[in-house]
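Observations on the model geometry
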Amino acid sequence: MQKIIRVFVIIFQISLPLITFVLCRRLSIGRGYDFETVNPYVIIINVFLWTTIYFLFLGLFKKNYLATFFYLLFFLLFTIANRYKIKFLNLPVRINDLTWGRQLLGFVPAVVVHTNMAKELIASFSALIASFFVLKHFLKLQIKNINIRLFFVFIALIILTLPYNQTKIYDQILNKTNIVFHTWDAAENCRNNGMLLCFINDGKYLKFPEPEGYTETKINQIYSKITLANLATESAKKDLLLSKEVPEQSEGGGFSKPNIIILMSESFWDATNLSGVKYSSDPIKNVREDVKSNLISPAFGGETSNVEFELLTGLSNYFFTINSYPYTQYINKSLPSLFSIFKENDYYTSAIHPYSPWFYNRDNVYRYFGVDKFINLENIGQTENAGPFVSDKSFTEKVINQINSNDKPQLIFALSIQNHAPFEANRFPTHPITFQSSLNNDDKNMLQSYIDGINLSDQSYKILKTELSKTKKPTILVFFGDHLPSLGLDFDLYKKLGFDYKDETKIHSTPLSLWSNFETDLNLPSSISPSFLSLEILKMANIKPKYQFYYLDSIKNKSVILHQKLPTTQFDQDDLINYNLIQYDLIFGKQYGL
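The rules we used
- Residues numbered from 1 in each chain as written.
- Predicted model: local features only at pLDDT ≥ 70, side-chain atom pairs only at ≥ 80, totals over all residues.
- Heavy atoms only, no water.
- Helix = DSSP H or I, 4+ residues; strand = E, 2+ residues; numbered from the N terminus.
- Buried < 20%, exposed > 50% of the residue type's maximum accessible area, 1.4 Å probe, protein only.
- Contact = heavy atoms within 4.5 Å.
- Areas by Shrake-Rupley, 256 points an atom, 1.4 Å probe, with all protein chains shown as cover.
- Pairing = 2+ DSSP bridges.
- Axes fitted to C-alpha atoms, helices over the stretch in contact; angles between N-to-C directions.
- Core = buried A, V, L, I, M, F, W, Y, C linked by side-chain atoms within 4.5 Å.
- Salt bridge = Lys/Arg side-chain N within 4 Å of Asp/Glu carboxyl O.

For the protein chain, the helix and strand inventory stands at 24 helices and 12 strands. Within the protein chain, the proportion of its 594 residues that are buried is 57%. Partitioning the contacts of the protein chain with sequence separation of at least 6, the portion at a separation of at least 24 is 77%. A total accessible area of about 26400 Å² is found for the protein chain, and carbon and sulfur atoms account for 56% of it.

Within the open sheet, the 8 strands sit side by side as β5-β4-β8-β1-β10-β11-β3-β12. Their pairing is mixed. Every other strand in the sheet has two partners, leaving β5 (373-376) and β12 (527-528) as the edge strands with one partner each. Across 5 bridges, strand β3 (residues 291-296) lies against strand β11 (residues 509-516) in antiparallel orientation. Bridged to Ser293 within β11 is Leu512. Sitting on the sheet, helix α18 (residues 362-369) is in contact with β4 (348-353), β5 and β8 (410-415), with an inclination near 160° to β5.

A few words now on the nonpolar core. Side chains of nonpolar character tend, in soluble globular proteins, to be buried together. By size, the foremost hydrophobic cluster in this structure holds 77 residues, and its most contacted members are Phe342, Tyr366, Phe413 and Leu533. Among the elements that take part in this core, helix α24 (residues 573-587) stands out by supplying 7 residues, more than any other. Every residue in contact with Leu533, bar those within four places of it in the chain, is listed here: Leu295, Leu311, Val478, Phe480, Leu512, Leu524 and Ile528. Counting residues in hydrophobic clusters, the runner-up holds 51 residues, among them Ile43, Leu135, Leu139 and Phe181.

In terms of residue burial, strand β10 (residues 475-481) counts as a mostly covered element, since 7 of its 7 residues are buried. Every second residue of β10 is oriented toward a common face, with Thr475, Leu477, Phe479 and Gly481 on one face and Ile476, Val478 and Phe480 on the other, all of them buried. With 7 bridges joining them, strand β1 (residues 259-265) and β10 adopt parallel strand pairing. What sits directly across from Ile260, in β10, is Ile476. Relative to β11, β10 is paired through 5 bridges, and the arrangement is antiparallel. Considered in β11, the bridge of Leu477 is made with Trp515.

We now examine the pattern of salt bridges. Pairs can form between side chains of opposite charge whenever their charged atoms are close. Tallied over the entire structure, the rule returns 14 salt bridges. The residue Asp282 makes a salt bridge to Arg288 at a minimum N-O spacing of 2.6 Å. Classification of Arg288 as partly exposed rests on a relative accessible area of 32%. Here Asp443 and Lys496 are joined by a salt bridge, their closest N and O atoms 2.5 Å apart. Of this pair, Asp443 sits in helix α20 (residues 441-470) while Lys496 sits in helix α21 (residues 492-496), placing them 53 residues apart in sequence. On the basis of relative accessibility, which here comes to 41%, the residue Lys496 falls in the partly exposed class. Salt bridges sharing common partners tie together Asp270, Asp282 and Arg288.

Right, dumping it as structure tokens:
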């Protein structure tokens, strides 16, 4: 009997990497592999990587049962993280997510409480704890020789860090095995190439290489072509705010200095674009009255800070890999932003976000951007929640308080949190907007919560306009959603309701509204990226662009959309090369352009 058990244990340990490989995909995305059609090298390399991680734990722990237990713990955490990140954001776990440490500790508990995730976690970790005692009873083997264990760890680390340390060799392996990664679609990469290989592959992008041709001379050449004379042409002047009645004027120039409120509404989108739904009334009727354009968001379902990054800096995620987070990865020094440039023009600047200041590293990033004041959950004062987060009603009150707190012209960047995913059933107590559809009850409940949320946002928008109408301070309100909501696993609800989720323009477009409390002629292109919207905001305030905004002004006549998943044929190759050089100079380089 002991021999049979020993043979069974050996078979179990040998087959464990294959088992975890198959289960990780099945549990993460809800389907396994078609072994007849999948590239066999995908299976071989993924199983090899899981085996490598197993050997890493065998090297770290003398007793096999402990090594196996912690290997299973890694498998469980990795799989659960992928399962829920794909479910909510349609994105897999990436190496960059490790920079989220503290953010996850703050956000995950809210997700666990308001979803069914708690039940799955309890069941999973109960099974893991039970496995500990089973493994302890049957796995008696030990690797006592410390040299052998150190060898296991050494070899495992070399293999796992190959994409980072030996990128050329790693790429040669991928080429010879016909494994292809598309930088514009992380989720598809993991479906085709395996969850673990997809994760390890990110190692090659941790280093941000210096672009070819980056020198002080080149940066100066780029900027020298954008002269003050060009910016002072009649066409540039016409882009400035055309005010028929200017309540206040700046000294000398004759232009007004209006307050600018940029309100980025969490997950706000026009849900009437879902063709399979009939609503009792328009859930965003107030916002719709002022829609002038569509924001082409660099994100879907999450990654709000990436939208902020483009809007506040005029720089672009186009030059980073998918699923990068500039706020947590790259921004570690001061650089020009809307905040800093508005301050140079005698504006008081503030950011308002009713959530923890350390989330997405905003407390540090906003300081690098030069904001005067950051109002966040720790200093915002008394608020009321709608669902698990601060309500848009309370949030709007804080915006109104801030605009009334200072006699100087103000730039206020306000980012809401109320409609953050997940959209659990009965998130809000009342349902003013009802709808008819062929959805099942669970999907109806999810959509109802989303509709309730954006309707509350729409009502808050009306309240803000009403209050701003009472003030004599000339004020412009720029309102838009940061990204479309994540509604089910793998675009599930979008598919069921006939929305063309494969159309990258549609799946990244949110309504963009403009309004002012004085008579103006406010216009925008029909669609615009956040980086180019920042240029338009400067011009609304009659501020001449500087630094990277200079450069945007020089290429905006070709296009105002730059997105990783959309064509860039409107731009010349030199346009993108120079844009990338300017961005590298400001974030990673020596800031020759300042």
